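Remarks on the overall topology
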Amino acid sequence: MSTPTRRLTVAQALVRFLSVQYTERDGVRHRLIAGTWGIFGHGNVAGVGQALLEAGEETMPFHQGRNEQAMVHAAVGYARQLDRLSAQAVTTSIGPGATNLVTGAALATINRLPVLLLPGDYFASHAPDPLLQQLEHPTEADVSVNDTLRPVSRYFDRVTRPEALIPSALNAMRVLADPAETGAVTLALPQDVQAEAYDWPEEFFAERVWHVRRPAPDPFELAEAVAAIRAAERPLIVAGGGIHHSQAEEALKALVDATGIPVASPQAGKGSLRYDHPADLGGIGHTGTAVCDDIARTADLIIGVGTRYTDFTTASRTLFQRPEVRFVNINIAAFDAHKLAARTLVCDARAGLTALTEALVGHRVNSAYEAEYRAGKERWEQVVDAAFTAADENAVPTQTQVLGALDAVVGDEDVVINAAGSLPGDLHKLWRARSRRQYHLEYGYSCMGYEIPAAIGVQHATPDTPVWALVGDGTYLMMPTEIVTAVQEGLPIKLLLIQNHGYASIGGLSESVGGERFGTAYRYRAADGTFSGAPLPVDLAANAGSLGMDVLRAKTVRELREALAAARASDRPTCVYVETDTAAATAPPAEAWWDVPVAETASREAAVRAREEYDREVTARRPHL
């Protein structure tokens, strides 16, 4: 008896296959590939493009992008908002369209977020080589520009024959749905193979449900962790992004309420507890709060949950200063669980936290420790109030007062998105996260240009949610193109565009390391050759308006608050533009160090002084072995 088959092109078969893939966790099913972003060229228009047209919107929704990198950012924002249970695909032509994917792929993989990349490729037959936009390699004929995606992909394959699609597509879904393995997945598609017909087994198009597991902690590892926690006098939880991905916020709160252990948050984990929970100490590390970093310096046990321990979190390994400090790490990925020579619980974050709560019944930290960190939290709230509040409502706002105005307008359900510049530090220190997904900082790759397309992805994922993209002038100039997509699709994203005439974050860093803010200001070139003349006469608000957004300009704190309220109520893509007062510093200073190497020899006095400071700070680094 013959196996039933269906004759389709490779591209048509891939689209049909993707349309019937699902994830399931806790009994809830989600579509794994919920839509496809695309920009078409000769490398994909007759293959994947034709297949998407033939399949129709009900089978595979299509989103038109303006920049390939931005399409990946939008897909990543979508996946993060939906806890990695649903993702999107991105199709491009060969050549520059494909290489534009690399930055977005790196961002996805570093942040452990799923996205499926479908770049066009050379002819598998090599019949018409060299193609338009094809890279020729003199000794490796199978190399193409798509090979740049290999190191930033969690799975990569070049589908050079129709039948090879079946195992490749199944492996792609396996990786996308695996919480320990997920990231960017690339299926490079030679353009002749995309259009080639094949008799596909009907079983390939049957619905498949990929179960997203919640592995429980190993009993031995759990016992070791419980013993370490019971023995600790000053434990501190570092709640990373894995809390959100696992939907473990309630499990974290239950453990904290039962034990009194305080919680620190890296960028990805902020909002794991509501900001007003008495045990929430806010951000940790270089851009952390004073109370959090003070507690971290004297902690004898760090309990990392779903965190990668980046240098910003550990203050370049100078933060955890107590000689006997040890680490217990809960992480679904063994690679991350073993960092800092920790005791490990390689398991799902929610399962691990629940097991700890059950095993720690009756255990609570010392009341004096609770009183200490609660008093520190109250002091820090006064710092936040001072940074957010303007003495004169008719004055030009500082950047932190811009955040204060936004804080006064948003609701618990709003999502605030940022990735780069000086805003991540201010947000990490000051933002009062009200819900599990309100605080959306991409700081694994800190990619300028992420915010606007990510806002589109979040809006796709949760259509009724007010979504804010917070963007400085430097970031805006990197990638404003997807404003057109938001206008085209009628997505009411809110863009808060802050003008401070340059790279403010890097300017401040440059000054601190002896670079004297070289090359960081957006100003005319002066007679001495430096960029120290008058500010450039650019009008970014007019640019946003020209791309189709409604634009509200605000010059004072009062006008800003009114404009933000109007933007939040709008059902159209709306930009609020404000120029900040950069002379008045209202942001709290850094509470911990960050290692940026300084020139060991220099003739300029600023660099000499910076190196002396560097040599003092670096002595605090600890290996944590």
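What you see is a predicted model; the values in this text were computed from it and never measured.

Let us now look at the sheet that holds strand 11 (residues 208–211). Sheet strands pair via backbone hydrogen bonds, and the direction of the pair is either parallel or antiparallel. Taken in spatial order, the three strands make up an open sheet running 3-2-11, and their pairing is mixed. Two strands bound the open sheet, and with one partner strand each, they are strand 3 (28–31) and strand 11. Strand-to-strand twist across the sheet, computed as the mean angle between neighbouring axes with direction ignored, equals 35 degrees. Here strand 2 (residues 21–25) pairs with strand 3 via four bridges, running antiparallel. Residue pairing in the sheet places Arg-25 in a bridge with Val-28 of strand 3. Packing against the sheet, helix 6 (residues 165–177) makes contact with strand 2 and strand 11, and its axis sits at approximately 35 degrees to strand 11.

Scanning the model with the defined rule gives four cavities of 30 Å³ or more in all. Here the largest cavity defines a volume of roughly 170 Å³. Lining the largest cavity are 20 residues, with Lys-270, Tyr-275, Asp-280, Gly-282 and Trp-431 sitting closest to its centre. Broken down by secondary-structure element, the contributors of at least two residues to the lining of the largest cavity are strand 14 (280–283), helix 15 (367–388) and helix 17 (423–430). Of all the elements, helix 15 adds the most residues to the lining of the largest cavity, at four residues. For the lining of the largest cavity, the class distribution of residues is nine nonpolar, four polar and seven charged. In this structure, the second largest cavity encloses a volume near 80 Å³. For the second largest cavity, the full set of lining residues is Thr-23, Arg-25, Asp-83, Arg-84, Leu-85, Leu-176, Ala-177, Asp-178, Pro-179, Thr-182, Val-212 and His-245. Elements supplying a minimum of two residues to the lining of the second largest cavity: strand 2 and helix 6. A breakdown of the residues in the lining of the second largest cavity according to their chemical character gives five nonpolar, three polar and four charged.

With that out of the way, let us pick up the sheet that holds strand 15 (residues 301–305). The strand order 14-13-12-15-16-17 describes an open sheet built from six strands, whose pairing is parallel. Pairing within the sheet leaves two strands with one partner each, and these edge strands are strand 14 and strand 17 (343–346). Mean inter-strand twist for the sheet, computed between neighbouring axes without regard to direction, equals 20 degrees. Relative to strand 16 (residues 326–331), strand 15 runs parallel, the two being bridged by five bridges. Looking across to strand 16, one finds that Val-305 is bridged to Ile-330. Across the sheet, helix 14 (residues 349–359) lies against strand 15 and strand 16, angled at about 125 degrees from strand 16, the strand it touches most.

The full count for this structure, using the stated rule, is 12 aromatic pairs. Each ring, one from Phe-17 and one from Phe-204, has its centre 4.6 Å from the other, and the planes form 10 degrees; the classification is stacked. Of the two residues, Phe-17 sits in helix 1 (residues 10–18) while Phe-204 sits in the loop between strand 10 (197–201) and strand 11, which places them 187 residues apart along the sequence. Using a relative accessible area of 0% as the deciding quantity, one classes Phe-17 as buried. What makes Phe-204 buried here is its relative accessible area of 2%. Between Arg-553 and the ring centre of Tyr-577, over which it is positioned, the NZ or CZ distance is 5.7 Å.

Counted residue by residue, helix 1 has eight buried out of nine residues, so it is predominantly covered. Here helix 1 has its buried residues at Val-10, Ala-11, Gln-12, Ala-13, Leu-14, Val-15, Phe-17 and Leu-18.

Another point: the environment of Ala-585. Checked against the element boundaries, Ala-585 lands in the loop between strand 23 (574–579) and helix 24 (605–618). As a C-alpha pair, Ala-585 and Arg-112 span 473 residues in sequence and 35 Å in three-dimensional space.

We now examine the packing of helix 1 against helix 2 (residues 45–55). Interhelical geometry of helix 1 versus helix 2 gives an angle of 50 degrees and a closest axis separation of 8 Å. With respect to helix 2, the element helix 1 is oriented oblique. Between helix 1 and helix 2 lies a crossing whose hand is right-handed. Here helix 1 contributes Ala-11, Gln-12, Val-15 and Arg-16 to the contact with helix 2, which in turn contributes Gly-47, Val-48, Gln-50, Ala-51, Leu-52, Glu-54 and Ala-55.

Attention shifts here to the pattern of salt bridges. Taken as a whole and assessed by the stated rule, the structure comprises 42 salt bridges. A salt bridge links Asp-407 to Arg-434, with the nearest nitrogen and oxygen atoms 3.2 Å apart. Taken together, the residues span a long stretch of sequence, with Asp-407 in helix 16 (residues 399–409) and Arg-434 in the loop between helix 17 and strand 19 (439–441) at a distance of 27 residues. For the salt bridge of Glu-511 with Arg-517, the shortest nitrogen-to-oxygen distance reads 3.2 Å. Take Arg-517: its relative accessible area is 40%, and that puts it in the partly exposed class. A single salt-bridge network, built from bridges that share partners, covers Arg-274, Asp-276, Asp-407, Asp-412 and Arg-434.

Turning next to the nonpolar core. Core analysis: the largest hydrophobic core is formed by 83 residues, its most contacted members being Ile-237 and Leu-496. Those residues in contact with Ile-237, other than ones at most four positions away along the chain, are Leu-252, Leu-255, Val-256, Ile-261, Pro-262, Val-263, Ala-264, Ile-303 and Val-305. Membership of the second largest hydrophobic core comes to 47 residues, among which are Ile-39, Val-72, Val-415 and Ala-455.

As a further point, take the pairing of strand 12 (residues 235–239). Side chains on a regular strand alternate between the two faces of the sheet. In terms of burial, strand 12 is a largely internal element, five of the five residues being buried. Note: strand 12 against strand 15, five bridges, orientation parallel. Residue Val-238 lies in a different strand from strand 15, and its bridge partner there is Gly-304. By the bridge criterion, two bridges tie strand 12 to strand 13 (residues 263–265) in an arrangement that is parallel. For Val-238, the partnering residue across the bridge sits in strand 13 and is Ala-264.

Basis of the calculations
- Residues numbered from 1 in each chain as written.
- Predicted model: local features only at pLDDT ≥ 70, side-chain atom pairs only at ≥ 80, totals over all residues.
- Heavy atoms only, no water.
- Pairing = 2+ DSSP bridges.
- Helix = DSSP H or I, 4+ residues; strand = E, 2+ residues; numbered from the N terminus.
- Axes fitted to C-alpha atoms, helices over the stretch in contact; angles between N-to-C directions.
- Contact = heavy atoms within 4.5 Å.
- 1 Å grid on protein atoms, 1.4 Å probe; cavity = no way out; pocket = protein on both sides within 12 Å on 5 of 7 lines; lining within 4 Å.
- Points joined across faces, edges and corners; volume = space filled by probe spheres on them.
- Nonpolar A, V, L, I, M, F, W, Y, C, P; charged D, E, K, R; others polar.
- Phe/Tyr/Trp six-rings, centres within 6.5 Å; stacked < 30°, edge-to-face > 60°.
- Buried < 20%, exposed > 50% of the residue type's maximum accessible area, 1.4 Å probe, protein only.
- Lys NZ or Arg CZ within 6 Å of the ring centre and 35° of its normal.
- Parallel < 35°, antiparallel > 145°, perpendicular 65-115°, else oblique.
- Left-handed = near helix turned anticlockwise from the far one by under 90°.
- Salt bridge = Lys/Arg side-chain N within 4 Å of Asp/Glu carboxyl O.
- Core = buried A, V, L, I, M, F, W, Y, C linked by side-chain atoms within 4.5 Å.

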